[in-house]
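Coordinate analysis (summary)
If you want the building blocks of each chain, they are given just below.
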Amino acid sequence: IQRILSMSEGGFGKHIHALADVCDDEGRNALCVASSGPRSAIYEHLLFSDRYRLKIGPPEHRSKTSLVLRAQDLDEQADYCDIFDNWDIKNNGKLARQDVVANADSIGLDPELILQGSEENEIITKEDFVGICKRQFGDVPRNVAVKLIQSKDQWERECNARKKFNLDPKYVVPALSNMPSEDAIAEAVRVGGGGLDIIKEKFLGGNQPGKHAIVLVAANRNLQQIFYQEQPEIDDVRVMLKQVFEAVKHLHDRKLMHGDLKMANMVRFSIDNQLRLIDFDASARINGEEESFAGAKFSSAILPPEMIERIETEEQLEKFNKYWETGKQEDLYLYEKVKPKLYKKQ
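The structure presented is a predicted model; accordingly, all values stated were derived computationally and were not measured. Per-chain numbering applies: the sequence of each chain, read as written, is numbered from 1 onward. Owing to the predicted nature of the model, reporting of local features is limited to residues with pLDDT of at least 70; listing and counting of side-chain atom pairs is limited to 80 or more, with chain, interface and lining totals taken over all residues. Only heavy atoms go into the side-chain values, all of them from the structure, while hydrogens and water stay out.

Description of the pattern of salt bridges
Here, a salt bridge means any Lys or Arg side-chain nitrogen found within 4 Å of an Asp or Glu carboxyl oxygen. Within the structure shown, the criterion is met by 16 salt bridges. The residue Glu187 makes a salt bridge to Arg190 at a minimum N-O spacing of 2.7 Å. Placement of both Glu187 and Arg190 in helix α10 (residues 182-191) is noted, with a separation of three residues, approximately one turn of the helix. The buried label applies to any residue whose accessible area, calculated with a 1.4 Å probe on protein chains only, is under 20% of its type's maximum; exposed applies above 50%, and partly exposed to all values in between. Exposure remark for Arg190: the relative accessible area of 57% places this residue in the exposed category. The salt bridge partner of Arg276 is Asp272, with a shortest N-O separation of 2.9 Å. Classification of Arg276 as buried rests on a relative accessible area of 3%. The exposure class assigned to Asp272 is partly exposed, which follows from its relative accessible area of 28%. Strands are runs of DSSP state E lasting at least 2 residues, helices are runs of H or I lasting at least 4, and numbering of each runs from the N terminus.

Structure, rendered in C-alpha cells:
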C-alpha cells in the first residue's frame with residue numbers, strides 16, 4: 001500500500017480520497033475494512049497534518065490574506081464519557097458550573113449550552129453531558145473549519161484577541177486549543193498534504209495558502225448565506241440583528257474592536273440558532289495600554305466608518321500623495337487598496 005501510494009513509486013496518493021471510499025460488494029469502504037497498518041498508510045496521504053480530512057472542493061472562504069477549508073477532525077474518536085470522567089475530579093457523577101466553564105473551551109463547547117441542557121442550570125449529570133455533546137458535535141468525526149492565514153501578524157492578532165479578552169463562547173466562536181503544532185501545520189501546507197495540493201491546483205490557481213492556522217467548530221451558515229438562501233421574515237431579521245448587536249457590545253465591554261464586521265463574519269450554529277462572531281485578525285484594543293492599530297487589516301468593500309476619509313481639496317490630496325511618495329513603492333498592494341477613488345459628477 002505504501003509503495004502504491006508513494007509519489008516516487010505508484011504515485012496514486014494524489015487519488016487517495018477516491019481510493020479510500022472505494023467499496024466492496026457489501027458496501028464497506030476501504031477505511032472500514034482496513035486493519036491498523038494499511039489504515040495508517042492511507043491516513044498518511046488522506047489527512048492534512050495527520051488529523052483533518054479536508055473537503056475536496058471550493059474553499060469555504062478565500063481572500064488574499066486567508067483561506068478557510070471545511071474538514072472532518074479524525075484525530076481521535078472523542079469519548080464524551082471519558083471527557084466527563086476527567087473533569088469530574090470529585091468522582092460524584094456531576095459537574096458544577098465552575099467545572100464546565102473551566103474546561104468547555106478545550107473541546108470547543110459553549111458552557112452555557114451544556115448547562116442549559118440540564119434540569120438545573122448549575123449542575124449537569126454525565127448522561128446529560130454526553131447527550132448535549134453529541135447533539136452539538138454529532139457523533140465523531142466532528143466538522144471543523146481550518147483557517148490558514150498568510151500573515152503571522154494577523155494570525156497573532158486573531159489568537160491574542162481570543163486569549164486575552166476573555167471572550168464568551170455565547171457570542172464568539174472559540175478556537176479549538178487541541179490542534180497540531182505550528183511546525184506541523186506549516187509542513188502540511190508546504191507538502192500540500194491531505195488533498196491541499198489538489199485544492200491549490202483546482203481552486204487556488206496554484207497559489208500557496210498561508211501556513212498559520214486556527215481551527216474552529218464548523219457552523220452551518222453565515223449571515224450572508226442566511227439572507228440570500230433563506231430570505232428571513234422581518235421578525236426573524238430583528239432577532240438576528242439583536243444577536244449581532246449583543247455580540248458587538250460584548251466585545252466593546254471588553255475593550256475590543258472587531259475591525260471587520262460584516263455578514264460573512266457572523267455564523268450560526270443549528271444547536272441553538274445563535275449568531276456568533278468569527279475572524280478577529282483585524283481586531284484592535286480600545287484604549288489599551290499596548291499599541292494597537294485599527295485598520296491594520298480590513299475588507300475593501302466593507303470598511304469601518306472610522307477608517308473612511310473623503311479627500312475634498314487639492315491641499316488634502318497633496319498631503320496624501322506626499323505621504324505615499326515612499327510608501328507607494330514599499331507596499332504597492334496597500335496603496336492600491338486605499339488610494340483615492342475617482343469621482344465623476346454625471
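Comments concerning the pairing of strand β7 (residues 212-217)
When you tally the buried positions in β7, you get six out of six residues, the bulk of the element. Residues His212, Ile214 and Leu216 of β7 are buried on one face, and the alternating residues Ala213, Val215 and Val217, pointing to the opposite face, are buried as well.

Focus: the sheet that holds strand β11 (residues 274-277)
Following DSSP output, two strands are said to pair if at least two bridges run between them. The three strands are arranged β8-β10-β11 in an open sheet whose pairing can be described as antiparallel. Edge positions in the sheet fall to β8 (221-222) and β11, since each of these pairs with one other strand and no more. Of the pairings in the sheet, the one linking strand β10 (residues 266-269) to β11 comprises four bridges and is antiparallel in character. Paired with Phe269 across the two strands is Gln274, which belongs to β11. Packing of helix α13 (residues 234-253) onto the sheet brings it into contact with β10 and β11, and relative to β11 it is tilted by some 35°. In what follows, a contact means two residues having at least one pair of non-hydrogen atoms within 4.5 Å. Convention adopted: a line fitted to C-alpha atoms gives each axis, helices being fitted over their contacting stretch, and angles between N-to-C directions are expressed from 0 to 180 degrees.

Considerations on the packing of aromatic side chains
What characterises a pair of aromatic rings is the spacing of the ring centres plus the angle enclosed by the ring planes. Ring pairs are drawn from Phe, Tyr and Trp, using the six-membered ring of Trp, whenever the two centres fall within 6.5 Å, and their geometry is named by plane angle: stacked under 30 degrees, edge-to-face over 60, tilted for the rest. According to the stated counting rule, one finds two aromatic pairs in the structure shown. Through a chain of ring-to-ring contacts, three or more aromatic side chains come together here, namely Phe84, Trp87 and Phe129.

Observations concerning the side chain of Asn222
As for its placement among the helices and strands, Asn222 is situated in strand β8. Here Gln225 takes part through its backbone nitrogen, which lies 2.8 Å from a polar atom of the side chain of Asn222. Beyond its immediate stretch of four places on either side in the chain, Asn222 contacts Met263, Ala264, Met266 and Val267. Pairing of N or O atoms within 3.5 Å defines a polar contact, subject to two protein rules: one partner must be a possible hydrogen donor and the other a possible acceptor, and residues neighboring in sequence count only if both atoms are side-chain atoms.

Focus: the pairing of β10
Of the two faces of β10, both are covered, the one formed by Met266 and Arg268 as well as the one formed by Val267 and Phe269. Direction of pairing for β8 relative to β10: antiparallel, over a ladder of two bridges. Following the sheet pairing, Asn222 is matched in β10 by Val267. The turn joining β10 and β11, which pair antiparallel and follow one another in sequence, is formed by four residues; a positive phi near 55° is taken by Asn273.

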